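A look at the structure
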Amino acid sequence: MRYSVADVFNMLGEEALNINEEGYRRNRKSIEVEGFQVYTESLRYATFYQKGCACVACGKVGTYFELDPGDNPGRRHFNLYAEDGTLMTKDHIVPTSRGGKYNSVENLQAMCVRCNRAKGANMC
Ligand SMILES: [Zn+2]
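Let me sum up the structure you'll find in this document. (Residues numbered from 1 in each chain as written. Predicted model: local features only at pLDDT ≥ 70, side-chain atom pairs only at ≥ 80, totals over all residues. Heavy atoms only, no water.)

1. Quick notes on the overall build of the protein chain
Assigned secondary structure in the protein chain consists of 4 helices and 7 strands. The helix and strand sequence of the protein chain, counted from the amino end, reads β-α-α-β-β-α-β-β-β-β-α. Computed over the C-alpha atoms, the radius of gyration of the protein chain is 14 Å, within 12% of the 14 Å expected from 2.2 N^0.38 for a compact globule of 124 residues. If you line up the protein chain on its principal axes, its C-alpha atoms span 40 × 35 × 25 Å. (Helix = DSSP H or I, 4+ residues; strand = E, 2+ residues; numbered from the N terminus. Rg over C-alpha atoms; globule rule 2.2 N^0.38 Å.)

Here's what the structure looks like:
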């Protein structure tokens with residue numbers, strides 16, 4: 001099932017979307033979607049909300065979310081996709097291997113998975 005970007009941002013709420021640092025150490029809030037628990041705080045969601053849903057490298061735009069399974073069978077998370085099904089990811093602007101912050105939205109930007117892989121391959 002596809003969810004619009006606006007609907008998902010609305011479900012997650014402003015407070016969760018405006019975080020700047022990873023919230024794993026905090027008591028993260030969850031919402032229930034399709035019977036699954038979904039964390040509202042995520043650096044991915046915050047990056048897409050604060051920095052935009054377009055790939056900074058190729059311009060491909062994330063236009064819908066799907067609720068995908070993760071490691072925990074009781075939980076799911078939203079993934080953002082472009083119209084052609086390309087997964088949108090968060091990219092570290094300054095790679096952590098070069099001292100960039102791992103857990104801060106300031107050092108993150110939206111990038112499609114293809115450009116992110118290509119960038120990663122060129123890092124060594
Ligand atoms: Zn791209």
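Read on for the rest.
2. Quick look at the coordination of the zinc ion
Ligation of the zinc ion by protein atoms is provided by C55 (SG), C58 (SG), C112 (SG) and C115 (SG), these donors lying 2.3 to 2.4 Å from the ion. Metal-centred angles of 102 to 118° between the 4 donor atoms at the zinc ion mark the site as tetrahedral. Read in sequence order, the donor residues coordinating the zinc ion give the pattern C-x2-C-x53-C-x2-C. Within this pair, whereas C55 is found in the loop between helix 3 (43-51) and strand 4 (62-69), its partner C112 is found in strand 7 (residues 108-112), the two being separated by 57 residues in sequence. Owing to a relative accessible area of 1%, C112 belongs among the buried residues under this scheme. (Donors = N, O, S within 2.8 Å, 3.2 Å for Na, K, Ca; no water. Tetrahedral: all angles 85-135°; square planar, octahedral: opposite > 155°, others 65-115°. Buried < 20%, exposed > 50% of the residue type's maximum accessible area, 1.4 Å probe, protein only.)

3. Overview of the nonpolar core
Nonpolar side chains in soluble globular proteins generally cluster together in the buried interior. Membership of the largest hydrophobic core comes to 22 residues, with the highest contact counts inside it found for Y3, F9, F48, F65, F78, L80 and M88. When residues no more than four places from it in sequence are discounted, the contact partners of F65 are M1, R2, Y3, S4, V5, V8, F9, F48, F78, N79 and L80. Counting 5 residues, the second-largest nonpolar core is a separate cluster that includes I19, L43, A46 and V105. (Core = buried A, V, L, I, M, F, W, Y, C linked by side-chain atoms within 4.5 Å. Contact = heavy atoms within 4.5 Å.)

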